[in-house]
Amino acid sequence: MKANELYDKIMLGAADDVLIEQCAIGEERLSEARSRMGKAVREFTELYGNRDVMLFSVGGRSEVSGNHTDHNCGKVLCAAVDLDIIAVACRTDDGIVTVKSEGFDADVVTPDCIDEPCEKKFFTSGAIIAGMENAFLDRGLKVGGLCAYTTSNVFKGSGLSSSAAFEVMIGNMLSHLYNDGTVDNVEIAKSAQFAENVYFGKPCGLMDQTACAVGGFIAIDFEDPAAPGIEKLDFDLRRMGYGLCIVDTGGNHADLNEDYASVPAEMKAVAKLLGHSVLRECDEEELISKISAVRAVEGDRALLRALHFFGENRRVEKETDALRRKDIKEFFKVIRSSGLSSFCWLQNVYSAKNPREQGLSLALCLTEKFFGSECTDAAWRVHGGGFAGTIQVFVPTERIAEYKAYIEAVFGKGSCHVLSVRSAGAIRVM
């Protein structure tokens, strides 16, 4: 439909059912969501005119459990959230992809950019677009020109994967504009990983892209990274009476690359001592039997991180089973255990280089004080890669306002983001 017609339909509520049922937008936020989408259509029209368009949405993601396991072929539990990137897009006949994202200059990718990655374009969104097109072509799928306007409320530095949402959105648009919406969302996720690894120049696993693309709660087993086991779980957090709070502690992310890199490096160093490339290939009992030798060569922290890996894989299994059975109490119990292991054994809650700054530790401490150490009706843990940034808290709906006020008194107004888990991954809204 034409952009002007799409705008009218949005403002009259034609997208409301999709927003509520698939994107987890509560009725109290529908007016805001309509305005946001309508504004995106207006921005598109000003840039490109009143063309035949489609409206798309891809959610951000939250790592629920499986902290620092995917890079050693472990198991993770993640979820898509109601913060999203939306796009208004149309086909063009010139083969050129033009994407204008709110707040940024437009990315323009011509067909000659697709065939090979360009190191000079590493770490640019244009490289992502070219990589997604190349991945689609390698899969025998169609690509072509398009114009798009995007806007995102997936805030950066939150551990909610704004970059993965953008990658998946490019695939989502190509799927619907050129392949009749038939491209499986898992294939879109794999294409997104390829684009980030090869064209963007950043090594990454597949968790972020899969969560954004598939939606809902997702259990992923990376034993075979080329063909991970993916299970979408039928679990509605809102209907169980809970919300997901992400608390931004305002920590400094500068100079943390070494901290992040040390985790997979130390885990793989332990695996190498046992004759393997990653910990998933190792036997925990063999590791325990060789503790003295591991300590002598790699030190205690590497050993503790390896032991965290094995325990975290088991916790993901227990959490996944609890969600299948709708056993929220057991789920929370294991989530809290995951958080404790991340703090004590994985040691990614603060940087050893800057022990004066421990915002995550403080947020976790205050959250435990708020709910009580014996609480069974909530759960909390470090969120994402750690060392700085955010914590994750599952909060009973009736206590969200109270918790938000309590934690924001310390970390500032707007630091507590109240989210829902959305059932949909990458979708066409209209």
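In this text, all values refer to a predicted model and were calculated from it rather than measured experimentally.

Engineer: Looking at this structure, I do not really get the overall build of the chain. What am I missing?
Structural biologist: Regarding its fold elements, the chain presents 14 helices and 12 strands. For 430 residues, the compact-globule estimate of 2.2 N^0.38 gives 22 Å, and the chain sits close to it at 22 Å. By its C-alpha atoms, the chain is 70 × 50 × 40 Å across when sized along the principal axes. Per-residue burial over the chain gives 55% buried out of 430 residues. In the chain, 75% of the contacts between residues at least 6 apart in sequence involve partners at least 24 apart. A total accessible area of about 18000 Å² is found for the chain, and carbon and sulfur atoms account for 50% of it.

Engineer: How do you make sense of the packing of aromatic side chains when you look at a structure like this?
Structural biologist: For the structure shown, the criterion picks out 19 aromatic pairs. Aromatic pair Phe370 and Tyr406: ring centres 4.9 Å apart, planes at 40 degrees, arrangement tilted. Of this pair, Phe370 sits in helix α13 (residues 359-371) while Tyr406 sits in helix α14 (residues 400-411), placing them 36 residues apart in sequence. Using a relative accessible area of 13% as the deciding quantity, one classes Phe370 as buried. Taken together, Phe217, Phe235, Tyr242, Phe331, Phe332 and Phe394 form an aromatic cluster joined through their ring pairs. One residue, Arg42, lies across the ring of Tyr7, its end atom 3.7 Å from the ring centre.

Engineer: Any chance you could explain empty space enclosed by the protein here in plain terms?
Structural biologist: Empty space among the atoms becomes visible once a probe the size of a water molecule is rolled across them. In this structure the tally under the stated criterion is one cavity of 30 Å³ or more. In this structure, the largest cavity occupies an estimated 50 Å³ of space. As for the largest cavity, its lining consists of Thr249, Gly251, Val349, Tyr350, Glu357, Gln358, Gly359, Leu360, Phe387, Ala388 and Gly389. Its residues placed into classes, the lining of the largest cavity shows five nonpolar, five polar and one charged.

Quick notes on the rules
Residues numbered from 1 in each chain as written. Predicted model: local features only at pLDDT ≥ 70, side-chain atom pairs only at ≥ 80, totals over all residues. Heavy atoms only, no water. Helix = DSSP H or I, 4+ residues; strand = E, 2+ residues; numbered from the N terminus. Rg over C-alpha atoms; globule rule 2.2 N^0.38 Å. Buried < 20%, exposed > 50% of the residue type's maximum accessible area, 1.4 Å probe, protein only. Contact = heavy atoms within 4.5 Å. Areas by Shrake-Rupley, 256 points an atom, 1.4 Å probe, with all protein chains shown as cover. Phe/Tyr/Trp six-rings, centres within 6.5 Å; stacked < 30°, edge-to-face > 60°. Lys NZ or Arg CZ within 6 Å of the ring centre and 35° of its normal. 1 Å grid on protein atoms, 1.4 Å probe; cavity = no way out; pocket = protein on both sides within 12 Å on 5 of 7 lines; lining within 4 Å. Points joined across faces, edges and corners; volume = space filled by probe spheres on them. Nonpolar A, V, L, I, M, F, W, Y, C, P; charged D, E, K, R; others polar.

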